[in-house]
Amino acid sequence: MNSDQKIPQKKMNLTIENLAQAVFIVNRHAKTAPNPKYLYKLKQESLKKLIDEGRAKKIGLHFSNNPKNSQQQSDVLVECGGYLFHIPPTKTDFINLPHLGKLDGHIRNPKAKLSLNAAKAMLQSYTGITNQDSSPSNHRYKSRTYQKPIFKKLGERYS
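Residues numbered from 1 in each chain as written. Predicted model: local features only at pLDDT ≥ 70, side-chain atom pairs only at ≥ 80, totals over all residues. Heavy atoms only, no water.

## Regarding the nonpolar core
Ranked by internal contacts, the top residues of the largest apolar core, which has 29 residues, are Leu47, Leu50, Val78, Phe85 and Leu123. Mapped onto this core, the elements with two or more residues apiece are helix H2 (16–30), helix H3 (37–53), strand E2 (74–80), strand E3 (83–87) and helix H5 (116–127). With 8 residues, H2 is the largest single contributor of residues to this core. The contacts of Leu123, once residues within four sequence positions are left out, are Leu19, Ala22, Val23, Val26, Leu42, Ser46 and Gly128. (Core = buried A, V, L, I, M, F, W, Y, C linked by side-chain atoms within 4.5 Å. Buried < 20%, exposed > 50% of the residue type's maximum accessible area, 1.4 Å probe, protein only. Helix = DSSP H or I, 4+ residues; strand = E, 2+ residues; numbered from the N terminus. Contact = heavy atoms within 4.5 Å.)

See the structure below:
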């Protein structure tokens, strides 16, 4: 029995500050996770729901620090409970939001003291998204049975 199971689970308080902290923790861990797809999906869906409810707002567009296949790429800057996040833009974001230029490296989010498991549980209960594949993706590392090569004489066919 681990330490998380010993403590009785209390009802999670889904305030804007708690949700913003949870998104911050999930985002921070996603940057170094071996399989970050689920964490980034959880972050994006949580922020999308917060924006739809009016608990977070889109501020503008920033140039991305790490553009993918182009020299310039923009991300949407979202403010939620004193925290700032970036999410991928939609086509309407380019029309409706002002472009803020280059990202200011001096602005930092406040510190958050929350475990990754607690943050994931909070966002999962908020969004209703669950991790379908709870174990890390190891499909590349599955061992294959060795097949001995077949050598035929010159001119013979492989059947």
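## Digging into the packing of H3 against H5
Between H3 and H5, whose axes approach to 10 Å, the crossing angle comes to 50°. Relative to H5, the element H3 is oriented oblique. Seen along the crossing, H3 lies across H5 with a hand that is left-handed. Note on element contacts: H5 touches H3 through Lys120, Leu123, Gln124, Tyr126 and Thr127, opposite Tyr38, Leu39, Leu42, Glu45, Ser46, Lys49, Leu50 and Glu53. (Axes fitted to C-alpha atoms, helices over the stretch in contact; angles between N-to-C directions. Parallel < 35°, antiparallel > 145°, perpendicular 65-115°, else oblique. Left-handed = near helix turned anticlockwise from the far one by under 90°.)

## Topic: the sheet that holds strand E1 (residues 57–63)
Here we have 3 strands laid out as an open sheet, ordered E1-E2-E3, and antiparallel in their pairing. Among the strands making up the open sheet, the edge pair consists of E1 and E3. Each neighbouring strand pair of the sheet contributes to a mean axis angle of 30°, computed without reference to strand direction. Direction of pairing for E2 relative to E3: antiparallel, over a ladder of 5 bridges. Counted as the bridge partner of Glu79 is Leu84 from E3. On the sheet, H2 packs against E2 and E3 and is oriented at approximately 50° with respect to E3. The sheet contacts of H3 involve E1, E2 and E3, and relative to E3 the element is tilted by about 115°. (Pairing = 2+ DSSP bridges.)

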